[in-house]
Amino acid sequence: MQSYKSDKIMKNFGRSTISRKPNETMKLLVTTFVGIVFGFLIGVTFPIVSLYKLYIPANLLPSINQEVLPSDRGSAASAQKVANISKIWVPSNPKGAERLPPGIVVSESDFHLRRLSGNPSEDLTHRPKYLVTFTVGYNQKKNIDASVKKFSEDFAIVLFHYDGRTTEWNEFEWSKRAIHISVPKQTKWWYAKRFLHPDIVAAYEYIFIWDEDLGVEHFNAEKYIQLVKKHGLEISQPGLEPNNGLVWQMTKRRGDREVHKETQERPGWCSDPHLPPCAGFVEIMAPVFSRGAWRCVWHMIQNDLVHGWGLDFALRRCAEPAHEKIGVVDSQWIVHQTVPSLGNQGESKDGEAPWRGVRDRCKKEWKMFQSRMDNAEKSYYKAMETDTRNSTSRWGTVIQTA
């Protein structure tokens, strides 16, 4: 009896199992189909994430071999073999750039204006060959406008604004191509030391560093450059109108020549006819420097002595022989209007006019500059004497040993 019941139960179980299999198979097929459709919809809905475009910081993937990422594996491998950056050391590179391959080093710059878009090689339709700088206040706008118009597109224009007013200059069309640098109450030599580094202005053959109070009615920039080149002047200035703002005989315009390089001064002023102020001398109001001379002069400008007094007597150190390489261009002359614009920016003390404090500072700086130059020379020659004595002593020892 029990055997019959068991056999009946097994038969019923087998029947129920067989009857459920088609239903489960159908469910499985439907689920699979729905999954495929859902996956396809997800795929076409979201953008494809490419490893080429996905940036993952290297420190988050320390264990990933770069070779498994899509890249130019061949070129990357060859670059690693050819250039191991830890082994690059080029002593002839500029200081601080020794670890760079020379082909990537750019040690010089310029004031050429660049576009924000397009091909960099097509930015410049014209490259200025010379540089003109003026240290200006807006009150002298008419004077500066007249001066700038004397210079063609071959001259890059830089305005140093000591009064903080820059946007007002937009009334002049040429202002759009000029470089404007503004720091209130600073002199042109302060600006020159900080913004006219020789490597910054290396693109320009000549550098004009001019005051704002110069009359230029009788001045032609192109003709001036021609005469400077013709007479081999490394440092120069236009001749000054004799009746306006004249201090030194050397800078007085001669009406019978193109250029002069020496003069006669008052008795006792020149210990040597080839030394300043009788030769090798121009003033600091309107100097013009060759690229090479400016590299020397820039290094001589002191950071803290901002008025430049005394610098004119030292310019001869940057042109050799100075009495031939420094001169005044007479046929292209200017008028010094002696407008104390920057002087009035000084501070008034004890009821005195602001310009008096500025003038006192100028005189003090002249003495300081001369003292520093004298001390530097003495230190140099003393060191040279020490080296000479040491060399002689070593050579004498060698002779005795031999």
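Residues numbered from 1 in each chain as written. Predicted model: local features only at pLDDT ≥ 70, side-chain atom pairs only at ≥ 80, totals over all residues. Heavy atoms only, no water.

Draft legend 1. View of the overall build of the protein. The number of helices and strands found in the protein is 9 helices and 9 strands. The proportion of buried residues among the 402 residues of the protein is 33%. Of the contacts formed within the protein by residues at least 6 apart in sequence, a portion of 71% connects residues at least 24 apart. Only carbon and sulfur atoms are counted for the fraction: they give 55% of the accessible area of the protein, which is about 25,800 Å². (Helix = DSSP H or I, 4+ residues; strand = E, 2+ residues; numbered from the N terminus. Buried < 20%, exposed > 50% of the residue type's maximum accessible area, 1.4 Å probe, protein only. Contact = heavy atoms within 4.5 Å. Areas by Shrake-Rupley, 256 points an atom, 1.4 Å probe, with all protein chains shown as cover.)

Draft legend 2. View of the layout of surface pockets. In this structure, the largest pocket spans a volume of roughly 1,000 Å³. Taken together, 32 residues make up the lining of the largest pocket; nearest its centre are Asp-211, Trp-309, His-336, Arg-359 and Cys-362. At the level of elements, α4 (188–195), α7 (311–314) and α9 (354–401) are the ones that each hand at least two residues to the lining of the largest pocket. With 5 residues, the single largest contributor to the lining of the largest pocket is α9. (1 Å grid on protein atoms, 1.4 Å probe; cavity = no way out; pocket = protein on both sides within 12 Å on 5 of 7 lines; lining within 4 Å. Points joined across faces, edges and corners; volume = space filled by probe spheres on them.)

Draft legend 3. Summary view of helix α3 (residues 141–148). Within the span of α3, buried status applies to Asn-143, Ile-144, Asp-145, Ser-147 and Val-148. Where α3 is buried, its residues touch β1 (130–136), β2 (155–161) and β5 (214–215).

Draft legend 4. Main features of the packing of aromatic side chains. Summed over the entire model, instances satisfying the criterion amount to 30 aromatic pairs. Taking the centre distance of 5.1 Å and the plane angle of 65 degrees together, the rings of Phe-151 and Phe-155 count as edge-to-face. Taken individually, Phe-151 and Phe-155 each receive the classification buried, so the pair is uniform in this respect. Ring centres of Phe-151 and Phe-208 lie 5.6 Å apart, and the angle between their planes is 80 degrees; on these two criteria the pair is classed as edge-to-face. A residue pair is termed long-range when its members are at least 10 positions apart, and Phe-151 in the loop between α3 and β2 and Phe-208 in strand β4 (residues 206–210) qualify at 57 residues. Note on accessibility: Phe-151 and Phe-208 belong to one class, buried. Three or more aromatic residues joined by ring pairs make a cluster, and in this case those are Tyr-130, Phe-134, Phe-151, Phe-155, Tyr-206, Phe-208, Trp-210, Phe-219 and Tyr-224. The ring of Trp-298 is capped by Lys-193, whose NZ or CZ atom sits 3.8 Å from the centre of that ring. Across the ring face of Trp-269, the terminal group of Arg-266 is positioned such that the distance to the ring centre comes to 4.0 Å. (Phe/Tyr/Trp six-rings, centres within 6.5 Å; stacked < 30°, edge-to-face > 60°. Lys NZ or Arg CZ within 6 Å of the ring centre and 35° of its normal.)

Draft legend 5. Geometry of the state of the cysteines. Inspection of the entire model under this criterion finds 2 disulfides. The side chain of Cys-270 participates in a disulfide bridge whose partner is Cys-278; the two sulfur atoms lie 1.8 Å from each other. Taking the torsion about the sulfur-sulfur bond, which here is approximately 95 degrees, the covalent link between Cys-270 and Cys-278 counts as right-handed. Under the relative-accessibility criterion, Cys-278 is labelled buried at 5%. (Disulfide = S-S within 2.5 Å.)

Draft legend 6. Representation of empty space enclosed by the protein. Inspection of the entire model under this criterion finds 1 cavity of 30 Å³ or more. Of the voids in this model, the largest cavity is the one considered here, and its volume is about 90 Å³. Around the largest cavity sit Trp-189, Met-300, Ile-301, Gln-302, Leu-305, Gly-308, Trp-309, Gly-310, Leu-311, Glu-365 and Phe-369, which together line it. A class-by-class count of the residues in the lining of the largest cavity yields 7 nonpolar, 3 polar and 1 charged. (Nonpolar A, V, L, I, M, F, W, Y, C, P; charged D, E, K, R; others polar.)

Draft legend 7. Local environment of the pattern of salt bridges. Within the structure shown, the criterion is met by 15 salt bridges. Its salt-bridge partner being Arg-165, residue Glu-168 comes within 3.1 Å of it at the nearest N-O pair. Looking at Glu-168, the relative accessible area reads 29%, which means it is partly exposed. A network of salt bridges, in which partner residues are shared, links Arg-114, Arg-115 and Asp-123. (Salt bridge = Lys/Arg side-chain N within 4 Å of Asp/Glu carboxyl O.)

Draft legend 8. Looking closely at the nonpolar core. By size, the foremost hydrophobic cluster in this structure holds 41 residues, and its most contacted members are Leu-131, Trp-189, Leu-196, Ile-235 and Trp-294. Elements with a contribution of two residues or more to this core: β2, β3 (179–182), α4, β4, α6 (291–300), α7, β9 (326–336) and α9. Top element by residues in this core is α6. It accounts for 5 residues. The residues contacting Trp-189, other than those within four sequence positions of it, are Ile-209, Ile-284, Pro-287, Phe-289, Trp-294, Ile-301, Val-306, His-307, Gly-308 and Leu-311. (Core = buried A, V, L, I, M, F, W, Y, C linked by side-chain atoms within 4.5 Å.)

Draft legend 9. Inspection of unusual backbone geometry at higher detail. With omega at 0 degrees, the peptide bond leading from Pro-276 into Pro-277 counts as cis. Its location among the elements puts Pro-277 in the loop between β7 (259–260) and β8 (288–290). In this chain, Glu-320 is followed by Pro-321 through a cis amide linkage whose omega measures -5 degrees. Here Pro-321 is to be found in the loop between α7 and α8 (322–325).

Draft legend 10. Quick peek at the pairing of β2. Of all 7 residues in β2, 7 are buried, a share of seventy percent or more. Side chains Phe-155, Ile-157, Leu-159 and His-161 project from β2 onto one buried face, and the interleaved Ala-156, Val-158 and Phe-160 project onto a second face that is buried too. Remark: the β1/α3/β2 crossover connection has right-handed handedness. In the sheet, β2 pairs with β3 via 4 bridges, with the strands oriented parallel. When the sheet's bridge partners are listed, Leu-159 is paired in β3 with His-180. (Right-handed = clockwise from strand over helix to strand, strands pointing away. Pairing = 2+ DSSP bridges.)

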